[in-house]
Number of protein chains: 2
Amino acid sequence: MPLKMRKNRSPKPPEPCLLTECMQVIAGAWAPNVIWSLRAGPRRFSELKVDIPPVSSKVLSARLSELEERGVLLRHVRPTSPPSVEYELTDLGEELIPALEAIVEVGHKLKARRGYHAVAEAAE
Amino acid sequence: MPLKMRKNRSPKPPEPCLLTECMQVIAGAWAPNVIWSLRAGPRRFSELKVDIPPVSSKVLSARLSELEERGVLLRHVRPTSPPSVEYELTDLGEELIPALEAIVEVGHKLKARRGYHAVAEAAE
DNA sequence: ACAAGTAGGTTTCTAATGGTAACTATGTTT
DNA sequence: AAACATAGTTACCATTAGAAACCTACTTGT
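Definitions and cut-offs
Residues numbered from 1 in each chain as written. Chains lettered and ligands numbered in written order. Predicted model: local features only at pLDDT ≥ 70, side-chain atom pairs only at ≥ 80, totals over all residues. Heavy atoms only, no water. Contact = heavy atoms within 4.5 Å. Buried area = accessible area lost by both parts, 1.4 Å probe. Salt bridge = Lys/Arg side-chain N within 4 Å of Asp/Glu carboxyl O. Polar contact = N/O pair within 3.5 Å; in protein donor to acceptor, adjacent residues only side chain to side chain. Near = heavy atom within 4 Å. Helix = DSSP H or I, 4+ residues; strand = E, 2+ residues; numbered from the N terminus. Nonpolar A, V, L, I, M, F, W, Y, C, P; charged D, E, K, R; others polar. Pairing = 2+ DSSP bridges.

## Some remarks on the interface of chain A and chain B
Inference 1: At the interface, 58 residues of chain A touch 59 residues of chain B.
Inference 2: Carbon and sulfur atoms make up 60% of the surface buried where chain A meets chain B, a total of about 5,100 Å² over both sides.
Inference 3: Linking chain A with chain B are two salt bridges.
Inference 4: Between glutamate 95 of chain A and arginine 113 of chain B there is a salt bridge, and its shortest N-O distance comes to 3.0 Å.
Inference 5: Linking chain A with chain B are four residue pairs in polar contact (both at pLDDT 80 or more).

## Some points on the protein's contact with DNA strand D
Inference 1: Near DNA strand D, the surroundings consist of 20 residues, among which Lys58, Arg63 and Ser81 of chain A together with Arg75 and Val85 of chain B are the closest.
Inference 2: Sugar and phosphate atoms constitute 73% of the interface atoms of DNA strand D, taking the interface as everything within 4 Å of the protein.
Inference 3: Alanine 29 of chain A places a main-chain nitrogen or oxygen 3.0 Å from a phosphate oxygen of DNA strand D.
Inference 4: One of the side-chain nitrogen or oxygen atoms of serine 46 of chain B is found 3.0 Å away from a phosphate oxygen of DNA strand D.
Inference 5: If you list the elements that add at least two residues to the surface near DNA strand D, you get α4 (57–69) of chain A together with α3 (45–51), α4 (57–69) and β3 (84–89) of chain B.
Inference 6: Partitioned by chemical class, the residues of the surface near DNA strand D number nine nonpolar, six polar and five charged.

## Here's the deal with the sheet that holds β3 of chain B
Residue and element names in this part refer to chain B.
Inference 1: Pairing is antiparallel in the open sheet, where three strands are placed in the order β1-β3-β2. Sheet topology places β1 (43–44) and β2 (73–78) at the edges, where each strand pairs with a single neighbour.
Inference 2: Taken together, the six bridges between β2 and β3 define a ladder with antiparallel strand orientation. Across the sheet, arginine 78 pairs through a bridge with serine 84, a residue of β3.

## Digging into the protein's contact with DNA strand C
Inference 1: Of all residues adjacent to DNA strand C, which total 23 residues, the nearest are Arg75 and Tyr87 of chain A together with Lys58, Arg63 and Ser81 of chain B.
Inference 2: The protein-proximal atoms of DNA strand C, defined as those within 4 Å of the protein, are 67% sugar or phosphate.
Inference 3: With respect to DNA strand C, the side chain of arginine 75 of chain A contributes an N or O atom lying 2.5 Å from a phosphate oxygen.
Inference 4: In the model, a phosphate oxygen of DNA strand C is placed 2.7 Å from a nitrogen or oxygen of the valine 85 of chain A main chain.
Inference 5: Secondary structure elements with two or more residues in the surface near DNA strand C: α3 (45–51), α4 and β3 (84–89) of chain A together with α4 of chain B.
Inference 6: A per-class count over the surface near DNA strand C returns 11 nonpolar, seven polar and five charged.

These figures capture arrangement, not role.
Right, here's the structure in full:
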């Protein structure tokens, strides 16, 4: 006997997906890390590169312009010599912080879990 | 006078980045949506496609194998006719739910904010 | 004076990822 | 017999990411 398909869990036609919408704001390689690094205040290009070692200039540059375009952060050129550029979160950017905190919190759990498994595996 | 670089905000050598680690678990197109769709219980391939209309068979298939490999979900073939395949979250998968809830919560804020801006722009 | 360094990128090239559409195998329903 | 359902796979193309080199303007060290 063929299976019946269970009904849809999230009615699609009426409203766009809130999960997808928020994910699109933080989409792109290293975007969450950039936002996380800016949570404590403004930060310059080269400082961000130090905060996030694996990111290349090209990708960091691309991500910063995208995030600026999305209204997540502001770019501010300061008349130093040589000129420096500071990035800082907008109010919208600040709203993303709780979600990133929740993700970091899961990171802690994963770490604890790995430690536990490593011990369990070593004991076998 | 040249600027001094402010000190690094997250000491890198000692520990790997918790944010990046958790992000890698939910990485890949539509992965968060798949996990979200499974949060209320097991779901079949074609049901997931209905839950997440924009995903293609190819990408859904790729995502499901990756998530299984990462230990986020289990694949279970049932001897129906034709055979059907159910996917369900593991304990590790369940641990990701709070983070996704936080993201959905931001989705709500973004929606509210959009409505507000739309009104403000219309009034100009 | 001249080489090297700093800041904030851009350019080029290659590899991996994602999207579209067509196609498959087995078995059931009409 | 033709059509449909399930759970994918395959081929092809467009976009994205990563590595490494390069660039302009200004400053510092020898």
